[in-house]
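Structure assessment
Chain by chain, the residues run as shown.
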Amino acid sequence: MNRPRWILLALGLSFFIVGVADAFMPPLRGKGYSALDVAHAVLISALCYTWCRAEGLARGVIPPGRSALLAGMFPLLGIPVYFFRTRPWRRALVSTLWAVGFLAMGLVLAAVGTLLSELVRS
């Protein structure tokens, strides 16, 4: 397995782990999220940046401008921008749809992790 796939695996696994741990952490005062969720957002950003750099190197493409940095700072906007700057538009559109599916899968993994933790605690 190449490096970009390992990074994606780590990203998916992080959603599940945070989902499990979230069941045990109280939310911040007056907020609907915990400190772990904030740390996970930083981890997601770092992994998105790292994935863009590794994926570009694996394909032999140098990301134009600061596309990888944008993907790290604002993944929801930056990942599609990265795709559209490094691929033909049709392939970029398909890649963006795959990224949306990956995000949905990550959210499902987090929910499954939380539900499993709640079942074990009960």
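The coordinates are above.
A few points on the structure. (Residues numbered from 1 in each chain as written. Predicted model: local features only at pLDDT ≥ 70, side-chain atom pairs only at ≥ 80, totals over all residues. Heavy atoms only, no water.)

1. Some details on the overall build of the protein chain
Stated precisely, the cut-off is as follows: By the criteria applied, helices consist of DSSP H or I runs no shorter than four residues and strands consist of E runs no shorter than two, each listed in order from the N terminus. For every residue, the accessible area obtained with a 1.4 Å probe (protein chains only) is divided by the maximum for its type, and the residue is called buried under 20%, exposed over 50%, and partly exposed between those limits. Using a 1.4 Å probe, the Shrake-Rupley method yields the accessible areas, and only the shown protein chains count as cover for residues.
Looking only at helices and strands, one finds five helices and zero strands in the protein chain. For the protein chain, the α and β elements follow one another from N to C terminus as α-α-α-α-α. Across its three principal axes, the protein chain shows a C-alpha extent of roughly 50 × 30 × 25 Å. Split into buried and exposed, the 122 residues of the protein chain put 31% on the buried side. Carbon and sulfur atoms form 73% of the exposed surface of the protein chain, whose accessible area is close to 7,900 Å².

2. Re a nonpolar patch on the surface
Put simply, the test is: By definition, no residue in a patch forms a salt bridge, and every one has over 30% relative accessible area; like charges are joined within 9 Å, nonpolar side chains (Val, Leu, Ile, Met, Phe, Trp, Tyr) within 5 Å. Salt bridge, as applied in this entry: a Lys or Arg side-chain nitrogen positioned within 4 Å of an Asp or Glu carboxyl oxygen.
Together, Y49, L69, M73, F74 and L77 make up an exposed nonpolar region whose accessible area comes to about 500 Å². Secondary-structure assignment places L69 in helix 3 (residues 67-73).

3. Side note on the pattern of salt bridges
One pass over the structure, following the stated rule, counts three salt bridges. With a shortest N-O distance of 2.6 Å, R59 and E55 are connected by a salt bridge. Here E55 and R59 lie together in helix 2 (residues 35-59), a separation of four residues that amounts to about one turn. Residue classification places R59 among the partly exposed positions, given a relative accessible area of 30%. One salt bridge connects E55 with R87, and the closest N-O pair in it is separated by 2.7 Å.

4. A closer look at the packing of aromatic side chains
So the rule is basically this: Pairing of aromatic rings covers Phe, Tyr and Trp, the last through its six-membered ring, and needs centres within 6.5 Å; plane angles under 30 degrees mean stacked, over 60 mean edge-to-face, and all others mean tilted.
Using the criterion set out here, one finds three aromatic pairs in the structure. Judged by centre distance (6.1 Å) and plane angle (70°), the rings of W51 and Y82 are edge-to-face. Separated by 31 residues along the polypeptide, W51 in helix 2 and Y82 in helix 4 (residues 75-86) bring together distant segments of the chain. When its relative accessible area of 0% is taken as the criterion, Y82 is described as buried.

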